[in-house]
Amino acid sequence: MAAIQRVVSPLTKVVSYRAQIRVKGCSSESATFPNQKEAEAWAASIETAIREGRHFPHAAAERTSFDALAKDYAETVLVESDEVQCAARTLQLNWWSKQFAGKSVAEITADAVSKARDACGAETFTRGKPRKDKKAGEIVSPRKYRRSGATVNRYIATLSHLFSFAVKERRLIDRNPVGDIRREKEPRGRTRLLSDEERAALLAACVKPDWPPLHALVLLAITTGARRGELVSLKWADVDLKVGRATIHDTKNGEQRTLPLAGKALEALRQLKLQDSARSEYLFPSPTVVLDPETGSRSLIRTMSTSTRIVTPRSRRPESATFDSTTCATPWPRFSPRKAHRSSKSPTCSDTRRWSWRSATRTWSLITRRR
(Lines give C-alpha, C1' and ligand atoms only; values in the text may rest on other atoms or scores of the structure.)
Protein backbone atom coordinates (compact mmCIF):
# COMPACT_ATOMS: atom_id res chain seq x y z
CA MET A 1 0.00 0.00 0.00
CA ALA A 2 1.29 3.45 -0.90
CA ALA A 3 1.66 6.24 1.66
CA ILE A 4 1.20 9.87 0.60
CA GLN A 5 2.91 12.47 2.78
CA ARG A 6 2.37 16.24 2.57
CA VAL A 7 5.70 18.10 2.78
CA VAL A 8 6.11 21.84 3.37
CA SER A 9 9.51 23.40 2.69
CA PRO A 10 10.76 25.32 5.75
CA LEU A 11 12.48 27.92 3.55
CA THR A 12 10.19 28.52 0.57
CA LYS A 13 6.92 27.28 2.15
CA VAL A 14 6.23 25.34 -1.05
CA VAL A 15 3.88 22.38 -0.57
CA SER A 16 4.75 19.07 -2.23
CA TYR A 17 3.59 15.46 -1.89
CA ARG A 18 5.86 12.48 -1.35
CA ALA A 19 4.63 9.05 -2.35
CA GLN A 20 6.30 6.02 -0.78
CA ILE A 21 5.66 2.38 -1.71
CA ARG A 22 6.75 -0.58 0.41
CA VAL A 23 6.10 -4.12 -0.84
CA LYS A 24 7.49 -7.25 0.78
CA GLY A 25 10.31 -8.71 -1.27
CA CYS A 26 10.98 -5.46 -3.19
CA SER A 27 12.99 -2.40 -2.43
CA SER A 28 11.05 0.64 -1.30
CA GLU A 29 10.25 3.32 -3.88
CA SER A 30 9.56 7.00 -3.27
CA ALA A 31 9.07 10.14 -5.37
CA THR A 32 8.00 13.74 -4.81
CA PHE A 33 5.32 15.54 -6.83
CA PRO A 34 3.85 19.06 -6.84
CA ASN A 35 0.28 17.87 -6.18
CA GLN A 36 -1.44 14.91 -4.55
CA LYS A 37 -3.16 13.72 -7.73
CA GLU A 38 0.14 13.07 -9.52
CA ALA A 39 1.53 11.31 -6.45
CA GLU A 40 -1.47 8.95 -6.25
CA ALA A 41 -1.30 8.22 -9.99
CA TRP A 42 2.40 7.38 -9.80
CA ALA A 43 1.91 5.16 -6.75
CA ALA A 44 -0.91 3.27 -8.45
CA SER A 45 1.15 2.65 -11.60
CA ILE A 46 4.14 1.38 -9.60
CA GLU A 47 1.99 -0.96 -7.50
CA THR A 48 0.38 -2.36 -10.65
CA ALA A 49 3.78 -2.91 -12.28
CA ILE A 50 5.05 -4.72 -9.17
CA ARG A 51 2.05 -7.05 -9.05
CA GLU A 52 2.40 -7.86 -12.77
CA GLY A 53 6.18 -8.31 -12.60
CA ARG A 54 6.94 -5.38 -14.91
CA HIS A 55 8.77 -3.16 -12.41
CA PHE A 56 12.49 -2.69 -13.04
CA PRO A 57 13.47 0.53 -11.23
CA HIS A 58 17.07 0.74 -12.47
CA ALA A 59 16.62 -0.57 -16.01
CA ALA A 60 16.50 2.88 -17.62
CA ALA A 61 19.47 4.10 -15.59
CA GLU A 62 21.51 1.04 -16.59
CA ARG A 63 20.75 1.61 -20.27
CA THR A 64 21.63 5.33 -20.15
CA SER A 65 25.32 6.29 -20.12
CA PHE A 66 26.62 9.33 -18.32
CA ASP A 67 27.72 10.89 -21.62
CA ALA A 68 24.18 10.54 -22.99
CA LEU A 69 22.72 12.15 -19.88
CA ALA A 70 25.24 15.00 -20.05
CA LYS A 71 24.40 15.59 -23.72
CA ASP A 72 20.68 15.63 -22.94
CA TYR A 73 21.29 18.05 -20.08
CA ALA A 74 23.35 20.37 -22.29
CA GLU A 75 20.73 20.44 -25.04
CA THR A 76 17.81 20.92 -22.63
CA VAL A 77 19.07 23.01 -19.70
CA LEU A 78 22.31 24.72 -20.67
CA VAL A 79 20.85 26.27 -23.81
CA GLU A 80 18.69 28.46 -21.57
CA SER A 81 21.72 29.84 -19.67
CA ASP A 82 23.73 32.87 -20.68
CA GLU A 83 26.88 32.53 -22.74
CA VAL A 84 29.37 32.78 -19.87
CA GLN A 85 27.55 30.32 -17.60
CA CYS A 86 26.98 27.91 -20.46
CA ALA A 87 30.69 27.88 -21.34
CA ALA A 88 31.73 27.33 -17.71
CA ARG A 89 29.28 24.46 -17.13
CA THR A 90 30.19 22.84 -20.44
CA LEU A 91 33.83 22.80 -19.38
CA GLN A 92 32.90 21.23 -16.06
CA LEU A 93 30.65 18.63 -17.70
CA ASN A 94 33.48 17.62 -20.03
CA TRP A 95 35.70 17.02 -17.01
CA TRP A 96 33.06 14.86 -15.32
CA SER A 97 32.54 12.93 -18.56
CA LYS A 98 36.23 11.97 -18.52
CA GLN A 99 35.93 10.76 -14.93
CA PHE A 100 32.81 8.65 -15.60
CA ALA A 101 33.69 7.52 -19.12
CA GLY A 102 32.03 4.22 -20.04
CA LYS A 103 29.79 4.16 -16.95
CA SER A 104 26.02 4.16 -16.86
CA VAL A 105 23.97 6.45 -14.65
CA ALA A 106 23.15 3.57 -12.29
CA GLU A 107 26.86 2.86 -11.72
CA ILE A 108 27.62 6.37 -10.44
CA THR A 109 27.28 6.20 -6.68
CA ALA A 110 28.11 8.58 -3.86
CA ASP A 111 31.51 7.00 -3.20
CA ALA A 112 32.43 7.31 -6.90
CA VAL A 113 31.51 11.01 -6.82
CA SER A 114 33.53 11.47 -3.61
CA LYS A 115 36.66 9.99 -5.20
CA ALA A 116 36.19 12.15 -8.29
CA ARG A 117 35.83 15.22 -6.07
CA ASP A 118 39.16 14.49 -4.38
CA ALA A 119 40.77 14.02 -7.80
CA CYS A 120 39.37 17.36 -8.91
CA GLY A 121 40.99 19.16 -5.98
CA ALA A 122 44.33 17.34 -6.34
CA GLU A 123 44.64 17.84 -10.10
CA THR A 124 47.21 20.43 -11.19
CA PHE A 125 47.19 22.68 -14.24
CA THR A 126 49.29 25.51 -15.64
CA ARG A 127 48.59 29.02 -16.82
CA GLY A 128 50.53 30.59 -19.62
CA LYS A 129 53.34 29.22 -21.74
CA PRO A 130 57.01 28.39 -21.05
CA ARG A 131 59.19 31.50 -21.15
CA LYS A 132 62.87 32.20 -21.36
CA ASP A 133 64.62 33.61 -18.31
CA LYS A 134 66.56 36.71 -19.34
CA LYS A 135 69.21 36.34 -16.62
CA ALA A 136 69.85 32.59 -16.69
CA GLY A 137 68.94 32.10 -20.34
CA GLU A 138 66.97 28.94 -19.55
CA ILE A 139 63.43 27.97 -20.42
CA VAL A 140 61.19 28.34 -17.37
CA SER A 141 58.04 26.26 -17.17
CA PRO A 142 54.83 27.98 -16.10
CA ARG A 143 53.77 27.69 -12.50
CA LYS A 144 51.45 24.84 -11.53
CA TYR A 145 48.18 25.50 -9.73
CA ARG A 146 45.55 23.43 -7.95
CA ARG A 147 41.85 24.10 -7.96
CA SER A 148 40.62 26.02 -4.96
CA GLY A 149 37.82 24.80 -2.73
CA ALA A 150 35.40 27.25 -4.33
CA THR A 151 36.20 25.94 -7.81
CA VAL A 152 35.73 22.33 -6.71
CA ASN A 153 32.35 23.25 -5.24
CA ARG A 154 31.32 24.78 -8.59
CA TYR A 155 32.17 21.47 -10.27
CA ILE A 156 30.10 19.59 -7.68
CA ALA A 157 27.20 22.01 -8.11
CA THR A 158 27.11 21.36 -11.85
CA LEU A 159 27.11 17.60 -11.30
CA SER A 160 24.39 17.89 -8.66
CA HIS A 161 22.20 19.91 -11.01
CA LEU A 162 22.75 17.28 -13.70
CA PHE A 163 21.54 14.46 -11.44
CA SER A 164 18.61 16.57 -10.24
CA PHE A 165 17.62 16.82 -13.89
CA ALA A 166 17.87 13.01 -14.13
CA VAL A 167 15.70 12.54 -11.01
CA LYS A 168 12.97 15.13 -11.54
CA GLU A 169 12.58 15.31 -15.31
CA ARG A 170 13.94 12.08 -16.79
CA ARG A 171 13.00 9.73 -13.90
CA LEU A 172 16.17 7.70 -14.42
CA ILE A 173 17.06 7.43 -10.74
CA ASP A 174 15.11 8.04 -7.56
CA ARG A 175 17.87 9.78 -5.57
CA ASN A 176 20.62 12.28 -6.29
CA PRO A 177 24.00 10.64 -5.44
CA VAL A 178 25.61 14.07 -4.93
CA GLY A 179 23.24 14.99 -2.11
CA ASP A 180 25.39 13.41 0.61
CA ILE A 181 28.74 14.62 -0.73
CA ARG A 182 30.74 16.92 1.49
CA ARG A 183 31.61 20.33 0.05
CA GLU A 184 35.03 21.91 0.28
CA LYS A 185 35.69 24.87 2.56
CA GLU A 186 35.69 28.26 0.90
CA PRO A 187 37.51 31.37 2.13
CA ARG A 188 35.29 34.02 3.65
CA GLY A 189 37.11 36.80 1.79
CA ARG A 190 37.51 40.29 3.13
CA THR A 191 35.73 43.62 2.94
CA ARG A 192 37.92 46.31 1.45
CA LEU A 193 36.76 49.93 1.69
CA LEU A 194 38.55 52.93 0.26
CA SER A 195 39.67 55.57 2.73
CA ASP A 196 38.99 59.25 2.13
CA GLU A 197 42.56 59.78 0.92
CA GLU A 198 42.41 56.81 -1.46
CA ARG A 199 39.06 57.90 -2.84
CA ALA A 200 40.31 61.43 -3.48
CA ALA A 201 43.47 60.13 -5.17
CA LEU A 202 41.43 57.73 -7.29
CA LEU A 203 39.04 60.42 -8.53
CA ALA A 204 41.94 62.78 -9.20
CA ALA A 205 43.68 60.11 -11.30
CA CYS A 206 40.50 59.49 -13.29
CA VAL A 207 40.44 63.09 -14.50
CA LYS A 208 43.86 62.83 -16.16
CA PRO A 209 43.28 60.02 -18.74
CA ASP A 210 42.23 60.84 -22.29
CA TRP A 211 39.00 58.84 -21.96
CA PRO A 212 36.40 61.35 -20.63
CA PRO A 213 33.77 58.85 -19.37
CA LEU A 214 36.23 57.27 -16.91
CA HIS A 215 35.60 59.83 -14.17
CA ALA A 216 31.82 59.45 -14.41
CA LEU A 217 32.16 55.66 -14.47
CA VAL A 218 34.16 55.58 -11.24
CA LEU A 219 31.78 58.02 -9.56
CA LEU A 220 28.84 55.78 -10.43
CA ALA A 221 30.67 52.74 -9.09
CA ILE A 222 31.40 54.46 -5.77
CA THR A 223 27.97 56.01 -5.25
CA THR A 224 25.73 53.16 -6.47
CA GLY A 225 27.76 50.03 -5.70
CA ALA A 226 26.71 48.49 -9.02
CA ARG A 227 28.78 45.83 -10.75
CA ARG A 228 31.16 46.72 -13.55
CA GLY A 229 29.20 44.76 -16.17
CA GLU A 230 25.99 46.53 -15.15
CA LEU A 231 27.53 49.99 -15.49
CA VAL A 232 29.35 49.55 -18.79
CA SER A 233 26.18 48.15 -20.40
CA LEU A 234 24.00 51.13 -19.40
CA LYS A 235 22.31 52.98 -22.22
CA TRP A 236 21.07 56.56 -22.31
CA ALA A 237 17.55 55.23 -22.79
CA ASP A 238 17.80 53.60 -19.34
CA VAL A 239 18.88 56.82 -17.58
CA ASP A 240 16.51 59.57 -16.43
CA LEU A 241 18.61 62.61 -15.57
CA LYS A 242 15.61 64.68 -14.50
CA VAL A 243 14.37 62.22 -11.89
CA GLY A 244 17.88 60.97 -11.07
CA ARG A 245 17.70 57.24 -11.61
CA ALA A 246 19.09 54.53 -13.89
CA THR A 247 17.40 51.22 -14.67
CA ILE A 248 19.47 48.06 -15.05
CA HIS A 249 17.72 45.32 -17.00
CA ASP A 250 20.42 42.62 -17.21
CA THR A 251 21.47 41.79 -13.64
CA LYS A 252 23.18 38.80 -12.07
CA ASN A 253 19.97 37.35 -10.62
CA GLY A 254 17.91 38.25 -13.69
CA GLU A 255 15.72 40.82 -11.89
CA GLN A 256 15.47 44.44 -12.97
CA ARG A 257 16.58 47.05 -10.44
CA THR A 258 16.94 50.82 -10.23
CA LEU A 259 20.02 52.82 -9.24
CA PRO A 260 19.58 56.23 -7.56
CA LEU A 261 21.61 59.06 -9.07
CA ALA A 262 22.48 62.12 -7.03
CA GLY A 263 25.26 64.56 -6.21
CA LYS A 264 28.49 64.51 -8.17
CA ALA A 265 27.57 61.33 -10.04
CA LEU A 266 24.42 62.90 -11.47
CA GLU A 267 26.30 66.06 -12.40
CA ALA A 268 29.03 64.02 -14.09
CA LEU A 269 26.44 62.22 -16.21
CA ARG A 270 24.88 65.51 -17.24
CA GLN A 271 28.27 66.77 -18.34
CA LEU A 272 28.89 63.48 -20.13
CA LYS A 273 25.61 63.91 -21.98
CA LEU A 274 26.94 67.10 -23.54
CA GLN A 275 30.20 65.50 -24.71
CA ASP A 276 31.01 63.10 -27.53
CA SER A 277 29.84 60.13 -25.45
CA ALA A 278 26.21 61.10 -26.05
CA ARG A 279 26.60 60.24 -29.73
CA SER A 280 26.48 56.58 -28.78
CA GLU A 281 23.52 54.76 -27.26
CA TYR A 282 25.79 53.64 -24.41
CA LEU A 283 26.91 55.85 -21.54
CA PHE A 284 30.46 54.53 -21.73
CA PRO A 285 31.36 53.76 -25.37
CA SER A 286 34.67 51.99 -25.70
CA PRO A 287 37.29 51.30 -28.37
CA THR A 288 36.06 49.08 -31.17
CA VAL A 289 38.00 46.32 -32.92
CA VAL A 290 38.00 46.53 -36.73
CA LEU A 291 39.96 44.65 -39.39
CA ASP A 292 42.67 46.35 -41.40
CA PRO A 293 41.68 45.90 -45.08
CA GLU A 294 45.34 45.70 -46.16
CA THR A 295 46.91 43.39 -43.59
CA GLY A 296 43.81 41.73 -42.14
CA SER A 297 45.02 42.42 -38.60
CA ARG A 298 42.88 43.90 -35.83
CA SER A 299 42.98 47.62 -35.17
CA LEU A 300 41.89 49.58 -32.13
CA ILE A 301 39.84 52.72 -32.71
CA ARG A 302 39.21 55.26 -29.99
CA THR A 303 35.67 56.60 -30.10
CA MET A 304 36.52 59.93 -28.51
CA SER A 305 35.87 62.23 -31.45
CA THR A 306 35.08 62.19 -35.13
CA SER A 307 38.76 62.34 -36.08
CA THR A 308 40.44 59.50 -34.18
CA ARG A 309 43.67 57.60 -34.08
CA ILE A 310 44.08 54.04 -35.37
CA VAL A 311 46.85 51.94 -33.82
CA THR A 312 47.62 48.79 -35.79
CA PRO A 313 49.26 45.96 -33.84
CA ARG A 314 51.75 45.30 -36.62
CA SER A 315 53.19 48.77 -37.04
CA ARG A 316 52.37 49.97 -33.51
CA ARG A 317 52.40 53.48 -34.86
CA PRO A 318 49.36 55.76 -34.86
CA GLU A 319 47.92 56.92 -38.13
CA SER A 320 45.39 59.71 -38.55
CA ALA A 321 42.04 58.58 -39.88
CA THR A 322 38.50 59.87 -40.05
CA PHE A 323 36.04 57.64 -38.23
CA ASP A 324 32.38 58.00 -37.35
CA SER A 325 32.05 57.02 -33.71
CA THR A 326 28.26 56.83 -33.86
CA THR A 327 28.29 53.64 -35.92
CA CYS A 328 30.83 51.55 -34.04
CA ALA A 329 30.41 52.42 -30.38
CA THR A 330 29.86 49.15 -28.56
CA PRO A 331 29.86 47.92 -24.94
CA TRP A 332 33.21 47.53 -23.25
CA PRO A 333 35.12 44.68 -24.96
CA ARG A 334 37.34 42.27 -23.05
CA PHE A 335 40.77 42.86 -24.43
CA SER A 336 43.88 44.88 -23.61
CA PRO A 337 45.32 47.10 -26.33
CA ARG A 338 49.02 46.98 -26.94
CA LYS A 339 51.32 49.75 -25.95
CA ALA A 340 52.35 52.11 -28.69
CA HIS A 341 55.97 51.91 -29.76
CA ARG A 342 58.24 54.58 -28.29
CA SER A 343 59.94 56.37 -31.09
CA SER A 344 61.31 59.84 -31.56
CA LYS A 345 60.07 59.79 -35.16
CA SER A 346 56.46 59.62 -33.99
CA PRO A 347 55.68 62.59 -31.73
CA THR A 348 52.12 61.41 -31.06
CA CYS A 349 53.15 58.13 -29.46
CA SER A 350 53.03 59.69 -26.00
CA ASP A 351 49.29 60.17 -26.45
CA THR A 352 48.66 56.59 -27.48
CA ARG A 353 50.66 55.21 -24.57
CA ARG A 354 48.20 56.79 -22.18
CA TRP A 355 45.42 54.48 -23.30
CA SER A 356 42.32 54.83 -21.22
CA TRP A 357 41.89 51.05 -20.86
CA ARG A 358 45.03 50.76 -18.74
CA SER A 359 43.84 53.53 -16.44
CA ALA A 360 40.41 51.93 -16.21
CA THR A 361 41.94 48.54 -15.38
CA ARG A 362 43.98 50.01 -12.54
CA THR A 363 40.92 51.90 -11.33
CA TRP A 364 38.68 48.84 -11.26
CA SER A 365 41.33 46.78 -9.51
CA LEU A 366 40.94 49.11 -6.53
CA ILE A 367 37.16 49.17 -6.59
CA THR A 368 36.31 45.55 -7.34
CA ARG A 369 39.13 43.90 -5.41
CA ARG A 370 37.74 41.08 -3.28
CA ARG A 371 34.16 42.23 -3.89
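Everything that follows concerns the structure shown earlier in this document.
Predicted, not measured: the structure shown is a model, and the values here were computed from it.

Trainee: Give a description of the sheet that holds strand β2 (residues 15-21) that names residues and reports values.
Mentor: Pairing within the open sheet is antiparallel, and its three strands lie in the order β1-β2-β3. For this open sheet the edge positions go to β1 (2-8) and β3 (29-33), each flanked by a neighbour on one side alone. The mean angle between the axes of side-by-side strands here comes to 20°, regardless of whether they run parallel or antiparallel. In this sheet, β3 lies alongside β2 in antiparallel orientation, the contact comprising five bridges. Paired with R18 across the bridge in β3 is T32. Relative to the sheet, helix α1 (residues 36-51) contacts β1, β2 and β3, its axis offset from that of β2 by approximately 15°.

Trainee: Before we move on, can you summarise unusual backbone geometry with the specific residues and values?
Mentor: Located in the positive-phi region is K13, a residue other than glycine, with phi close to 65°. Take K13: it is sitting in the loop between β1 and β2. Accessibility expressed as a relative area gives 58% for K13, which makes it exposed. Positive phi, close to 55°, is recorded for R171, a residue that is not glycine. Note that R171 resides in the loop between α6 (149-168) and α7 (196-207).

Trainee: Please provide a residue-by-residue account of α1, values included.
Mentor: Along an α-helix, residues three or four apart share an orientation, since each turn contains 3.6 residues. Look at α1: 23 Å from first C-alpha to last across 16 residues, which is about the 22 Å you get at 1.5 Å a residue. The secondary structure elements touched by the buried residues of α1 are β1, β2 and β3.

Trainee: Could you give an account of the packing of helix α4 (residues 83-99) against α6, with specific residues and numbers?
Mentor: Two elements in contact, α4 and α6, have axes whose closest approach is 10 Å; the angle formed by their N-to-C orientations is 80°. With respect to α6, the element α4 is oriented roughly perpendicular. For the pair α4 and α6, the contacting residues are R89, Q92, L93, W95 and W96 in the first and R154, Y155, I156, T158, L159, H161 and L162 in the second. When the residues that make up the contact of α4 with α6 are grouped by side-chain class, the tally is seven nonpolar, three polar and two charged.

Calculation criteria
- Residues numbered from 1 in each chain as written.
- Predicted model: local features only at pLDDT ≥ 70, side-chain atom pairs only at ≥ 80, totals over all residues.
- Heavy atoms only, no water.
- Pairing = 2+ DSSP bridges.
- Helix = DSSP H or I, 4+ residues; strand = E, 2+ residues; numbered from the N terminus.
- Axes fitted to C-alpha atoms, helices over the stretch in contact; angles between N-to-C directions.
- Contact = heavy atoms within 4.5 Å.
- Buried < 20%, exposed > 50% of the residue type's maximum accessible area, 1.4 Å probe, protein only.
- Expected span 1.5 Å × (residues − 1).
- Parallel < 35°, antiparallel > 145°, perpendicular 65-115°, else oblique.
- Nonpolar A, V, L, I, M, F, W, Y, C, P; charged D, E, K, R; others polar.

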